[in-house]
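# Remarks on the overall topology
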2 protein chains.
Amino acid sequence: MNKIYVVGIGPGEYEQMTIKAANILKSCDVIVGYTVYVDLVKEHFSDKEFLTTPMRKETQRCELAFEEARKGKTVAMICSGDAGVYGMAGLMLEIGVNYPEIPVEVIPGVTAATGGAAVLGAPLIHDFALISLSDLLTPWEKIEKRLLAASEADFVVCLYNPSSKKRHDYLKRACDLMLRYKRPETVCGTVRSIGREGQEMEVLTLAELAEKEVDMFTTVFIGNSQTKNIDGKMVTPRGYRYE
Amino acid sequence: MNKIYVVGIGPGEYEQMTIKAANILKSCDVIVGYTVYVDLVKEHFSDKEFLTTPMRKETQRCELAFEEARKGKTVAMICSGDAGVYGMAGLMLEIGVNYPEIPVEVIPGVTAATGGAAVLGAPLIHDFALISLSDLLTPWEKIEKRLLAASEADFVVCLYNPSSKKRHDYLKRACDLMLRYKRPETVCGTVRSIGREGQEMEVLTLAELAEKEVDMFTTVFIGNSQTKNIDGKMVTPRGYRYE
């Protein structure tokens with residue numbers, strides 16, 4: 001059947017995929033994705049046809065998926081984490097306007113925010129804001145405004161894309177902005193390679209985070225005014241009257 | 001082994017659970033949870049011991065889980081969606097201080113924000129803020145401040161607990177606040193009973209949303225200034241230079 005599923009495969013570990021996502025990868029004809037993500041799932045679905053495109057070739061990857069579906073195939077386009085959080089679901093639906101005969105269904109997955117939160121403890125129990133520090137597609141002024149607004153309103157903040165080779169000081173810049181409203185002792189956390197080999201986590205203060213170097217495989221969490229460090233775990237209370 | 005897993009079972013449908021969550025429910029000795037969530041999984045794990053407590057008895061539910069683990073059992077405490085997003089993971093880690101010999105591990109799941117987003121299309125592709133409208137445990141002034149800050153900084157906003165019997169006008173109040181910064185034509189969406197029987201979705205404008213009645217089973221999405229209605233789907237562009 002010519003149909004496309006845009007599938008979030010979770011943070012990395014095969015078991016963090018949903019049962020539905022795994023069933024779709026088992027039953028589809030062809031799996032399309034960015035090379036790195038295809039390598040993550042390949043061993044579990046070795047009888048499938050795989051098509052990959054490199055990073056920054058997102059439009060071509062989408063068109064490739066639609067062209068395959070046009071041949072009568074069932075296509076799974078895979079994304080790490082959740083396909084709808086900084087993922088390919090949006091672009092697929094935009095490009096899908098040119099292929100009205102091909103239905104597109106989005107299959108949700110565990111995104112790095114909640115996958116990383118589980119490793120750190122429970123930092124996202126209450127209202128939070130998710131912000132990407134990548135200014136490749138968003139003006140830095142807009143990112144800055146969001147960091148300030150989220151800090152002033154005491155949101156827990158989760159940062160995606162906190163760093164890259166060209167943006168090595170962006171996390172420091174973001175922390176300095178948040179320090180205008182959040183205390184230096186605010187409990188923060190970092191998780192690297194969530195659900196993958198070599199997973200690492202650290203709980204630290206915002207003042208310490210501002211001096212820390214992280215890489216592009218790291219997800220960063222900044223607590224709200226209630227967030228605590230409980231035996232090395234980062235925990236934001238919901239406010240249940242626990243006595 | 002006396003260990004507790006705090007497990008997010010996803011929005012409702014069995015298949016939206018991760019493989020890891022299902023494996024833990026299969027291998028544990030006892031499943032603890034709020035009555036409604038236990039009913040959702042019971043048929044799939046019928047050989048297990050189940051212990052339930054009603055709503056608003058969260059502290060007792062946590063203590064029950066620790067007491068069971070103390071007997072040498074492996075316990076799965078289940079939450080709908082993700083255990084770390086307005087879920088029980090935080091309270092479990094807080095109460096766990098009294099049971100230092102019992103390890104607690106959080107198993108992430110698909111939360112209503114990403115599960116609902118997949119139904120609507122791709123509303124959360126870019127920076128978003130998650131806000132609960134329940135003022136049972138949070139002062140309304142704080143909720144109000146967060147709604148205004150998130151709107152002014154042009155976040156996509158996802159609302160949990162948009163309504164209840166006692167708070168039937170809260171969604172309207174929230175929309176009126178957001179209308180100070182977001183245009184009345186802003187593309188919005190609602191999803192009811194995500195992944196469960198009778199699932200419903202609607203894409204509408206913020207002006208229309210302000211006049212709509214929703215119930216406590218509904219998750220609400222308010223777009224940013226870029227969010228579009230594409231053939232009845234709610235899509236926020238990431239900003240890929242798609243030409």
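These lines cover the structure that appears in this document, whether it is placed above or below. (Residues numbered from 1 in each chain as written. Chains lettered and ligands numbered in written order. Predicted model: local features only at pLDDT ≥ 70, side-chain atom pairs only at ≥ 80, totals over all residues. Heavy atoms only, no water.)

With that settled, consider the sheet that holds strand E5 (residues 104-107) of chain A. The strands making up a sheet associate through hydrogen bonds between their backbones, and the pairing can be parallel or antiparallel. All names here are of chain A. Spatially, five strands are ordered E3-E2-E4-E1-E5 in an open sheet, and the strand pairing comes out parallel. Unpaired on one side and paired on the other, strand E3 (49-53) and E5 mark the two borders of the sheet. With strand direction ignored, the average angle separating the axes of adjacent strands in the sheet is 20 degrees. (Pairing = 2+ DSSP bridges. Helix = DSSP H or I, 4+ residues; strand = E, 2+ residues; numbered from the N terminus. Axes fitted to C-alpha atoms, helices over the stretch in contact; angles between N-to-C directions.)

Turning our eyes to something else, we now look at the interface of chain A and chain B. Listed as interface residues are 72 residues of chain A and, on the opposing side, 71 residues of chain B. Where chain A abuts chain B, roughly 6400 Å² becomes buried across the two surfaces, and 60% of that area is made up of carbon and sulfur atoms. Applying the counting rule to chain A against chain B returns ten salt bridges. Here Lys228(A) makes a salt bridge to Glu94(B), at a shortest N to O gap of 2.9 Å. Here chain A is connected to chain B by 38 residue pairs in polar contact (both at pLDDT 80 or more). Taken together, the residues of the side of chain A that touches chain B break down into 36 nonpolar, 19 polar and 17 charged. Two elements, strand E7 (residues 128-132) of chain A and strand E7 (residues 128-132) of chain B, share three bridges in a ladder whose sense is antiparallel. Across the sheet, residue Phe128(A) finds its bridge partner in E7(B), namely Leu130(B). (Contact = heavy atoms within 4.5 Å. Buried area = accessible area lost by both parts, 1.4 Å probe. Salt bridge = Lys/Arg side-chain N within 4 Å of Asp/Glu carboxyl O. Polar contact = N/O pair within 3.5 Å; in protein donor to acceptor, adjacent residues only side chain to side chain. Nonpolar A, V, L, I, M, F, W, Y, C, P; charged D, E, K, R; others polar.)

The operation relating chain A to chain B is a screw motion whose rotation component is 180 degrees, with 0.0 Å of axial translation and a residual RMSD of 0.0 Å. Taken together, these values place the two copies in the relation of a two-fold axis. When the interface residues of chain A are mapped onto chain B, 99% of them again lie at the interface, so the same face is used by both copies. (Least-squares fit on C-alpha atoms with pLDDT ≥ 70 in both.)

Residues and elements named next belong to chain A. Read from one edge of the open sheet, three strands run E6-E13-E12, paired in mixed fashion. The open sheet has two edge strands, strand E6 (121-122) and strand E12 (228-230), and neither has a second partner. Bridge count for E6 against strand E13 (residues 233-235) is two bridges, and the pairing is parallel. Bridging from a neighbouring strand, Ala-122 pairs with Val-235 of E13.

Okay, the pairing of strand E11 (residues 218-222) of chain B next. Residue and element names in this part refer to chain B. Judged by how many residues are buried, E11 sits mostly within the fold: five of five residues are covered. Neither face of E11 is exposed, since Thr-218, Val-220 and Ile-222 on one face and Thr-219 and Phe-221 on the opposite face are all buried. Sheet topology note: the strand E8 (residues 156-160)/E11 ladder contains three bridges and is antiparallel. When the bridges of E11 are listed, Leu-159 appears paired with Val-220. (Buried < 20%, exposed > 50% of the residue type's maximum accessible area, 1.4 Å probe, protein only.)

Another aspect to go through is the packing of aromatic side chains. Residues and elements named next belong to chain A. Enumeration over the complete set of coordinates arrives at eleven aromatic pairs over all chains. Seen from their ring centres, Tyr-34 and Tyr-37 are 5.2 Å apart, and the 85 degrees between their planes marks the pair as edge-to-face. A ring pair is formed by Tyr-86 and Tyr-160, whose centres lie 5.1 Å apart and whose planes are at 45 degrees; its orientation type is tilted. Here Tyr-86 is found in the loop between strand E4 (74-79) and helix H4 (89-95), whereas its partner Tyr-160 is found in strand E8 (residues 156-160), with 74 residues between them in sequence. Overall, the relative accessible area of 8% leaves Tyr-86 in the buried class. (Phe/Tyr/Trp six-rings, centres within 6.5 Å; stacked < 30°, edge-to-face > 60°.)

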